[in-house]
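# Structural overview for review
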Amino acid sequence: MLKLDEIQMRLLKEVADLHKVPEGAYNIRSNGESAGRVSTENIEIIPREDGQGLTVRIKPGTKNQSVHIPVVMTKTGLKEIVYNDFYIGEDADVTIVAGCGIDNCGSQDSEHDGIHRFFVGKNAKIKYVEKHYGSGSGSGKRILNPGTEVYQEEGSTVEMEMVQIKGVDDTNRTTTAELAAGAKLVVRERLMTHGDQKALSTYVVNLNGEGASADVVSRSVARDDSYQKFDAKLVGNAACSGHTECDSIIMDRGKILAVPALEANDLDAALVHEAAIGKIAGDQIIKLMTLGLTEAEAEEQIINGFLK
């Protein structure tokens, strides 16, 4: 039985699309403590002895199952760091839903830093969804600093959906990955900043085995006086393929910096980076305004479609 109030349930809906107790395995963390935990026959969730994280073990061959591990925070001034390790057995195919929502109505900063490590077995496949959300009327900041490490064995596939659309004042996201032969990594990052928010995203992907591939794409919008930096490095150590892309819209006085880095250490390493940063095209706004929308409504329509 979950021990959450109305605000915490709202945060849970925002970051994990949960309206009730999830099916399958889950651990829901609230204000530094577990608010509910369930393991299943194939997915075991083991708390660390220090209370600062989890070990999640998924049995080989597990199919079409999920594990939810979201975090919600409503106490101002609370700062924590958690360490979660995931061991995904060979030939498994599962979905992992994480994310953090912070509602800060006080004057002190609230911060959650999560370090997630994924050890993905041979031919296993995981979809990992991580959403960040901030709310609250207080002057204290909502700070999220996720760190993700991915270790993929031969033939494995990891799909990552990273979303931050509202309310997070500062974030520094770091993601590193090590891919063996035939392993595939796909990352889709969606991000919007406003006010004087700052968001840093750093990716370092080592393609170590023949036939390994990575596709890392960031789509973002920077509004008001916010700042974003997208730093993506691909290292091709074998016959492999890699692609990174920064596709961004700047509005008002927003700033976005894209820093690509491609390192080919093998003759057959094929690595590509693309970047497109600019304002919304005027003709797009005009077309929508002919349908009866105001300029502001037209901009929102374009942004909503862009970040889907």
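The following paragraphs examine the structure supplied in this document. (Residues numbered from 1 in each chain as written. Predicted model: local features only at pLDDT ≥ 70, side-chain atom pairs only at ≥ 80, totals over all residues. Heavy atoms only, no water.)

### A short note on the overall build of the protein
The line we're drawing: Every helix listed is a DSSP run of H or I at least four residues long, and every strand listed is a run of E at least two residues long, numbered separately from the N terminus. For this measure, only C-alpha atoms enter the radius of gyration; the expected value for a globule follows 2.2 Å times N^0.38, where N is the number of residues. Throughout, exposure labels follow a simple rule: accessible area from a 1.4 Å probe, protein chains only, divided by the maximum for the residue type, with under 20% read as buried, over 50% as exposed, and the rest as partly exposed. Contacts between residues were defined by any pair of non-hydrogen atoms, one from each residue, lying within 4.5 Å. The Shrake-Rupley method, run with a 1.4 Å probe, gives the accessible areas here. Residue values count only the displayed protein chains as cover. For this count, His and the chain ends are skipped, Lys and Arg are scored as positive, and Asp and Glu as negative. Lys charges are placed at NZ, Arg charges at CZ, Asp charges at CG and Glu charges at CD.
Helices and strands together make up the secondary structure of the protein, namely three helices and 22 strands. Expected size for 308 residues packed as a compact globule is a radius of gyration near 19 Å; at 20 Å, the protein falls within 12% of this value. Viewed in the frame of its principal axes, the protein has a C-alpha envelope of about 55 × 55 × 35 Å. Per-residue burial over the protein gives 50% buried out of 308 residues. The long-range fraction of contacts in the protein, counting pairs at least 24 apart against all pairs at least 6 apart in sequence, stands at 80%. In the structure as shown, the protein presents an accessible area of about 13900 Å², 48% of it carried by carbon and sulfur atoms. Each charge class in the protein was averaged separately, 34 positive and 47 negative side chains, and the resulting centres sit 3 Å apart.

### Regarding empty space enclosed by the protein
Summary: where empty space remains is shown by rolling a probe the size of a single water molecule over the atoms. Definition in use: Residues are said to line a cavity or pocket when one of their atoms sits within 4 Å of a point; the points come from a 1 Å grid over protein atoms alone, cavities being sets where a 1.4 Å probe fits but cannot get out and pockets being open sets with protein on both sides within 12 Å along at least five of seven lines. Grid points are joined across faces, edges and corners, and a volume is the space filled by probe spheres set on the points. Ten residue types, Ala, Val, Leu, Ile, Met, Phe, Trp, Tyr, Cys and Pro, are classed as nonpolar, four, Asp, Glu, Lys and Arg, as charged, and the remainder, Gly among them, as polar.
Evaluation of the coordinates by the stated rule reveals two cavities of 30 Å³ or more. Considering only enclosed or pocket space, the largest cavity measures out at about 120 Å³ in volume. In this structure, the largest cavity is lined by 15 residues; those nearest its centre are Gly99, His112, Gly114, His116 and Glu130. Mapped onto the lining of the largest cavity, the elements with two or more residues apiece are strand 7 (79-88), strand 10 (110-120) and strand 11 (125-135). Ranked by residue count, the leading element in the lining of the largest cavity is strand 10, at three residues. Looking at the lining of the largest cavity residue by residue, the classes come out as seven nonpolar, seven polar and one charged. The calculated volume of the second largest cavity comes to roughly 40 Å³.

### What about helix 1 (residues 6-16)?
Because an α-helix packs 3.6 residues into every turn, residues spaced three or four apart end up facing the same way. Let me state the cut-off plainly: When we speak of the arc, we mean the arc of directions from the helix axis to the C-beta atoms.
Within the sequence span of helix 1, burial applies to Gln8, Leu11, Leu12, Val15 and Ala16. Seen from one end, helix 1 has its buried residues packed into an arc of 105 degrees, which puts them on one side. Looking at the buried positions of helix 1, the neighbouring elements they touch are strand 1 (25-30), strand 5 (63-68), strand 6 (71-73), strand 8 (93-97), strand 9 (100-103) and strand 11. Just past helix 1, the residue aspartate 17 takes up positive phi, approximately 55 degrees.

### A few points about the packing of aromatic side chains
Where we set the bar: The pairing test for Phe, Tyr and Trp rings, Trp by its six-membered ring, is centres within 6.5 Å, and the orientation test on the planes gives stacked under 30 degrees, edge-to-face over 60, and tilted for anything in between.
Taken as a whole and assessed by the stated rule, the structure comprises five aromatic pairs. A ring pair is formed by phenylalanine 86 and phenylalanine 118, whose centres lie 4.6 Å apart and whose planes are at 10 degrees; its orientation type is stacked. Of this pair, phenylalanine 86 sits in strand 7 while phenylalanine 118 sits in strand 10; the two residues are 32 residues apart in sequence, bridging distant segments of the chain. A residue is classified by how much of its surface remains accessible, and phenylalanine 86, at 0% relative accessible area, is buried. Its relative accessible area of 2% is what places phenylalanine 118 among the buried residues. Plain terms: the ring middles of tyrosine 203 and phenylalanine 230 are 6.0 Å apart, the flat faces sit at 55 degrees to each other, and that makes the pair tilted.

### Focus: the side chain of threonine 55
For threonine 55, the position within the fold is in strand 4 (residues 53-58). Leaving out residues up to four positions away in the same chain, threonine 55 has contacts with Glu44, Ile45, Ile46, Asp85 and Tyr87.

### Let's talk about the pattern of salt bridges
Stated precisely, the cut-off is as follows: Note on definitions: salt bridges are taken to be side-chain nitrogens of Lys or Arg within 4 Å of carboxyl oxygens of Asp or Glu.
Scanning the model with the defined rule gives 16 salt bridges in all. Aspartate 50 is the salt-bridge partner of arginine 48, the closest N and O atoms lying 2.9 Å from each other. The class of arginine 48 is partly exposed, set by a relative accessible area of 32%. Judged by relative accessible area, aspartate 50 falls into the partly exposed class, the value being 46%. In this structure, a network of salt bridges that share partners links the residues Glu130, Arg173 and Glu189.

### Focus: unusual backbone geometry
Peptide bonds are mostly trans, and most non-glycine residues show a negative phi. Although it is not a glycine, asparagine 64 sits at a positive phi angle of roughly 55 degrees. Its location among the elements puts asparagine 64 in strand 5. Using a relative accessible area of 73% as the deciding quantity, one classes asparagine 64 as exposed.

### Some points on the nonpolar core
Our working definition: In plain words, nonpolar cores are sets of buried Ala, Val, Leu, Ile, Met, Phe, Trp, Tyr and Cys residues tied together by side-chain atoms within 4.5 Å.
Counting 42 residues, the largest nonpolar core has Ile88, Phe118, Leu185 and Val205 as the members making the most contacts within it. Setting aside anything within four residues of it in sequence, one finds isoleucine 88 in contact with Ile58, Phe118, Phe119, Val120, Gly121, Ala124 and Ile126.

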